[in-house]
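# Chain and residue survey
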Amino acid sequence: MQTEAIRSVLVVGGGTAGWLTAANLAQSFNSGAAGAVSVTLIESPDIPTIGVGEGTWPTMRATLQKLGIKEDDFLRSCNATFKQGTKFINWQHSELPGSYHHLFTSVSDPTQFNLAPYWLQGRAGDNLSYASAVSAQGVIAELGLAPKKITNKPYEGVLNYAYHLDAGKFAELLKNHAQQKLGVQFISANVLDVTLAADGSIAAVVTDTAGTQQADFYVDCTGFQSLLLGKAMGVGFRSVADTLLADHAVTIQVPHPATDTPLNACTHSTAQAAGWIWDIGLTNRRGVGYVYSSNHVSHDEAEQTLRRYIGPAAESLNARKLAMQVGYREKFWHKNCAAVGLSAAFVEPLEASAIFLIEAAANMLADQLPALKQNLPLAERKFNSSFLFRWQKTIDFIKLHYALSGRTEPFWQAARAKSLIPESLQDLMQSWQTQPVSAYDFAHVYEPFPMESYQYVLYGMGFKQQLADPQRYRQAEKAGMYFQRVQQLTRQLQQELPPQRELLAKIYQYGFSAL
Amino acid sequence: MTNIVALDSQQHQQHKLREDPLFPHIASAHILPLEVTEFAAAAVSFPIVFVKDSATGQFRACALTGLQPGQNLYWQPSGWQAAYIPLAVRNYPLLAVQPEAQSGDYIIAVDADSPLFNQHSGEVLFAADKGTAYLQQRARSAIALAQSSALTQQFIARLLELELLVARTLTLTPKGAEPYDLTGLYGINEQRLAQLTAEQWLSLRANNGLLAVHAVLMSMSQLPLLVGRLAQ
Ligand SMILES: Cc1cc2nc3c(=O)[nH]c(=O)nc-3n(C[C@H](O)[C@H](O)[C@H](O)COP(=O)(O)OP(=O)(O)OC[C@H]3O[C@@H](n4cnc5c(N)ncnc54)[C@H](O)[C@@H]3O)c2cc1C
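Here the structure is a predicted model, which means the values were calculated and not measured.

The next subject is the nonpolar core. Grouped together as the largest cluster of nonpolar side chains are 163 residues, with contacts concentrated most on V9, F74, F170 and F217 of chain A. The dominant element in this core, judged by the number of residues it contributes, is helix α11 (residues 376-403) of chain A, at 11 residues. Contact partners of F74 of chain A, with chain neighbours within four places excluded, come to L64, I69, A80, Y163, L165, F170 and L173 of chain A. Judged by nonpolar contacts, the second largest core, of 49 residues, contains V51, F155, I188 and A212 of chain B.

See below:
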């Protein structure tokens, strides 16, 4: 029994998580070939996907490339645009308008050479923000320019980038590609029941129109309901609602007024009285949503706030309200079932962490799913400790944005109450008051957010850092060269990079050359 | 700068077309477009390379005539220094464009900013509202070029399919100056060529593709000669 092989995987759920995971597994296992491990996906024809989740992380480029999807096909079929970071608007103060960028590109990898101490010493110039001192990308994004040119290879950027995409169209693209190119078997049916074996592992899923389906391994991608891991196996949910206070979102899709409306080159995130509004530009519409705490604002008021933000264009448009379960499962992998996506964990979408953790989970599953059942327990332990770490660090990073805010509304005051800040984050913030952010603060290989992300947010939010021993930073000349290089690149790239729409039009017409 | 407009028997009734064997318009062009039908003839004069068109990102074939932008080592005030003159150079300032792709119909256009196109000297283009014999002959060669250009695109598409193109960086060390890289050039990957299956190999024969591949490879022997011109 224990030396039995794992020959089949059943993914339940066909949202972003289900299709990304099924496609990745099938690609990795070569499921299209005769005799390979089979990957099957069951999706309900009746239960819609969550329908949001349209901002990604640069990891998506590697993911799409691994799956063998052409970048032009992806851009075209998902109304996708290039995302060069997030612009945080009014996060620092309630009264004083202001903004900063969390970017994907820095002139120097700070784990190799950290420019921050020299920026603090004023060596980049007096009135230059940290982001503008270490990266050309903020200016490029503000101008609405693309991160690459038509002469770049697919997935290659002049500047690092991610995407904004239409979640529904993305699942559709993956669904077709996974079936046609990667050998994923598809079943359209509702799972009515999940039966357990004597040892508590999943024995089968019972469907309405496709009978009983069995597999050697199951992946729960059923969204917030967590049908397999949560409901059937009874793995508990650890809420972090006391740390991250936002528990609802209201969203509206806003068509662009014209086909040539300029496109934002980064996600906008604008602080509001009881949360924040995301604003993501696709080629045909914006996706806009207010993530808020229902303890601090009524649902009606939240919707009104969102409508005011959008302006007159919102009048004829429908709003959709979503409840968010914020937290994570006690285990992400239990016996012969792993959960990926909303069924595993969710935190407010402030840093687009959900999809990249789906990519990460699918990658790890593809690598770690053992060929023999006897090796399942070890894989389970590794997976669980890895993703517990990643989710806790994600929660810390999201919390950092709130902990640094000086906004005065009750929601914001509550959100930065010291008692609600995880100790791991408090320790880091304490040390950063007098010493630089260090590569050793992020020593884990699977740190979800890199050192540079923390620096963009810390310095962007005006974190007070007074380096206790300024004598240590003696490479001012080298730093000066980097700062100059950024200014030179900023000028040069403004000339070279096309506006987003112009590049997209060329991509639609010509495509990228494969080379 | 170029200013491409369609030739029009009314509007351009008074215009003439002059030929200038010195080709001043390419005095500082470091690459010149080539069509696949010219490769064999061009290979004895220049290295044949592939570059991406900066406006479309698509590959096109070119003669490499200089080692940095703005430099044409075959161009001299006294006359063109190579045995071969690319068709596009000879046709200039005329070109044929297809208003609708694949329609087979062409219109003849001209770079109206070229001094070769003027009202003072050269051959008459229109007489009694009709193209002169001279214009018809020039138009025919412009159309022939446009037709070869479609073949070139097919050839390049085939090279890409077979993964036969590879990026090449030329590192140049001019005497008494810092070495620099000439980037953005692509050539034929010989290793990959050697690995083609018999079937892939034969598929290249269509439209004389094999000849073209060999012409490109042979043309690489022009590279040291080009670099040598720099020293002169
Ligand atoms: C307001 C909001 C904004 C977000 N913004 C971002 C963002 O910008 N970036 C980001 O990375 N993430 C974001 N996310 C998260 C992101 O939307 C999700 O992580 C992602 O869409 C994955 O969802 P999923 O596939 O796990 O679940 P779902 O999309 O809910 O899919 C569940 C699937 O399970 C199927 N299913 C359910 N029950 C059954 C059954 N009984 N039988 C058969 N099938 C069943 C459904 O049909 C569906 O196909 C956001 C989330 C929210 C709530």
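Having seen it, we continue.
Residues and elements named next belong to chain A. Running from N to C, helix α10 (residues 353-368) and α11 cross one another at 165°; their axes reach a closest spacing of 11 Å. With respect to α11, the element α10 is oriented roughly antiparallel. When you trace α10 past α11, the crossing you get is right-handed. Together, S353, L357, A360, A361, M364, L365 and Q368 of α10 and A379, K382, F383, S386, F387, R390, W391 and T394 of α11 make up the contact between the two elements.

This next bit is on the confidence of the model for chain B. The predicted model of chain B averages 91 in pLDDT, with 100% of residues at 70 or higher. Predicted complex metrics record ipTM = 0.72 and pTM = 0.89.

Next up on the list: the interface of chain B and chain A. At the junction of the two partners, chain B supplies 12 residues and chain A supplies 9 residues. Where chain B meets chain A, there are 0 salt bridges. For the interface between chain B and chain A, the tally reads 5 residue pairs in polar contact (both at pLDDT 80 or more). The residue inventory of the side of chain B that touches chain A, partitioned by class, reads 6 nonpolar, 4 polar and 2 charged.

All names here are of chain A. Ordered by their spatial adjacency, 7 strands build an open sheet running β5-β4-β14-β15-β16-β13-β17, and the pairing between neighbours is mixed. Each edge of the open sheet is held by one strand with a lone partner, namely β5 (99-103) and β17 (320-323). Between one strand axis and the next, the sheet turns by 20° as a mean value, whatever way the strands run. In this structure, strand β4 (residues 85-89) lies alongside β5, joined through 5 bridges in antiparallel fashion. Residue pairing for β5: I89 is matched across the bridge by S99. On top of the sheet, helix α9 (residues 299-310) reaches β13 (248-255), β14 (267-272), β15 (275-281), β16 (285-292) and β17; it is set at about 145° to β16, its chief contact.

This next bit is on empty space enclosed by the protein. The gaps left among the atoms become clear once a water-sized probe is rolled over them. All names here are of chain A. On inspection of all chains with the given rule, the structure shows 2 cavities of 30 Å³ or more. For the largest cavity, the calculated volume is near 80 Å³. Taken together, F332, A339, V340, G341, A344, A354, L357, I358, A361, F383, F387 and W391 make up the full set of residues lining the largest cavity. Elements represented by at least two residues in the lining of the largest cavity include exactly α10 and α11. With 4 residues, α10 is the largest single contributor of residues to the lining of the largest cavity. Residue composition of the lining of the largest cavity, by class: 11 nonpolar, 1 polar and no charged. Of the volumes computed, that of the second largest cavity is approximately 40 Å³. Lining of the second largest cavity is provided by S106, S108, P110, F113, L115, Y130, V134, E452 and Q455.

Another point: the pattern of salt bridges. Residue and element names in this part refer to chain A. With the rule as written, the count across this model stands at 17 salt bridges over all chains. In this structure, E496 and K149 form a salt bridge, with 3.4 Å as the shortest nitrogen-oxygen distance. In this pair, E496 sits in helix α15 (residues 476-496) while K149 sits in the loop between α6 (137-142) and β6 (162-164), placing the two residues 347 residues apart along the sequence. The exposure class assigned to K149 is partly exposed, which follows from its relative accessible area of 25%. The residue D216 makes a salt bridge to K373 at a minimum N-O spacing of 3.6 Å. Of the two residues, D216 is situated in the loop between β10 (212-213) and β11 (217-220) and K373 in the loop between α10 and α11; the sequence distance between them amounts to 157 residues. Owing to a relative accessible area of 17%, K373 belongs among the buried residues under this scheme. In this structure, a network of salt bridges that share partners links the residues E4, D216 and K373.

A few words now on the site of the ligand. Residues and elements named next belong to chain A. Taken together, 33 residues lie around the ligand, and I47, I50, G55, L342 and I355 are the ones closest in. Note that an oxygen atom of the ligand is positioned 3.3 Å from one of the backbone N or O atoms of T16. Here V191 contributes a backbone N or O atom positioned 2.9 Å from a nitrogen atom of the ligand. Isolated, the ligand exposes 1000 Å² of accessible area, and the fraction of that covered by the protein chains is 97%. Mapped onto the shell around the ligand, the elements with two or more residues apiece are α1 (16-29) and α10.

Residue and element names in this part refer to chain A. Structurally, chain A comprises domain 1 (8-54 + 166-236 + 328-393), domain 2 (107-157 + 404-496) and domain 3 (248-323). The interface of domain 1 with domain 2 comprises 6 residues on the first partner and 9 residues on the second. Between domain 1 and domain 2, the buried area comes to about 740 Å², and carbon and sulfur atoms account for 68% of it. On the domain 1 side of the interface with domain 2, the three residues burying the most area are F389, R390 and K393, jointly 66% of the side's total. Across the contact surface, domain 1 and domain 2 share 1 salt bridge. When the shortest N-O distance is used, the salt bridge between K393 and E447 registers 3.5 Å. On inspection of domain 1 and its partner domain 2, the count reaches 1 residue pair in polar contact (both at pLDDT 80 or more).

Reading the values: rules and limits
- The written sequence of each chain sets the order in which its residues are numbered from 1.
- Chains carry letters and ligands carry numbers; both start at the beginning, A for chains and 1 for ligands, and go up in the order they are written.
- Local features in this predicted model are restricted to residues of pLDDT 70 or higher, and side-chain atom pairs are both shown and tallied only at a pLDDT of 80 or more, whereas totals for entire chains, interfaces and linings draw on every residue.
- Only hydrogens and water are set aside; all other atoms, that is, all heavy atoms of the structure, feed into the side-chain values.
- As used in this record, nonpolar core signifies buried Ala, Val, Leu, Ile, Met, Phe, Trp, Tyr and Cys residues forming a set joined through side-chain atoms within 4.5 Å.
- Only protein chains enter the accessibility calculation, which uses a 1.4 Å probe; a residue is then buried when its area is under 20% of its type maximum, exposed when over 50%, and partly exposed in between.
- Numbering goes from the N terminus for both helices and strands, where a helix is a DSSP run of H or I of at least four residues and a strand is a run of E of at least two.
- Working rule for contacts: check all heavy atoms of both residues, and any pair within 4.5 Å makes them a contact.
- Note on definitions: angles span 0 to 180 degrees between N-to-C directions of axes, and those axes are lines fitted to C-alpha atoms, for helices only across the stretch in contact.
- For this classification, under 35 degrees means roughly parallel, over 145 means roughly antiparallel, 65 to 115 means roughly perpendicular, and everything else is oblique.
- Left-handed describes a crossing whose near helix is turned anticlockwise from the far helix by less than a right angle; the clockwise case is right-handed.
- Think of pLDDT as the predictor's per-residue confidence, scored from 0 to 100.
- For this document, the term salt bridge refers to a Lys or Arg side-chain nitrogen within 4 Å of an Asp or Glu carboxyl oxygen.
- Counting of polar contacts relies on pairs of N or O atoms within 3.5 Å, with two restrictions inside protein: one atom must be capable of donating a hydrogen and the other of accepting it, and residues adjacent in sequence are counted only when both atoms are side-chain atoms.
- Following the grouping adopted for this structure description, the nonpolar residues are Ala, Val, Leu, Ile, Met, Phe, Trp, Tyr, Cys and Pro, the charged ones are Asp, Glu, Lys and Arg, and the polar ones are all others, Gly among them.
- A pair of strands is considered paired only if DSSP assigns at least 2 bridges between the two.
- Grid points spaced at 1 Å and placed over the protein atoms alone form the basis of the search, with a cavity being a set where a 1.4 Å probe fits but cannot get out and a pocket an open set showing protein on both sides within 12 Å along at least five of seven lines. Lining residues have an atom within 4 Å of a point.
- Grid points are joined across faces, edges and corners, and a volume is the space filled by probe spheres set on the points.
- A molecule or strand has a residue near it when one of that residue's heavy atoms lies within 4 Å.
- Areas reported as accessible are Shrake-Rupley estimates using a 1.4 Å probe. Residue values count occlusion only from the protein chains shown.
- Residue ranges assigned to each domain were obtained from an automatic or database domain assignment.
- Accessible-area loss on putting two parts together, using a 1.4 Å probe and summing over both, is the definition of buried area adopted here.

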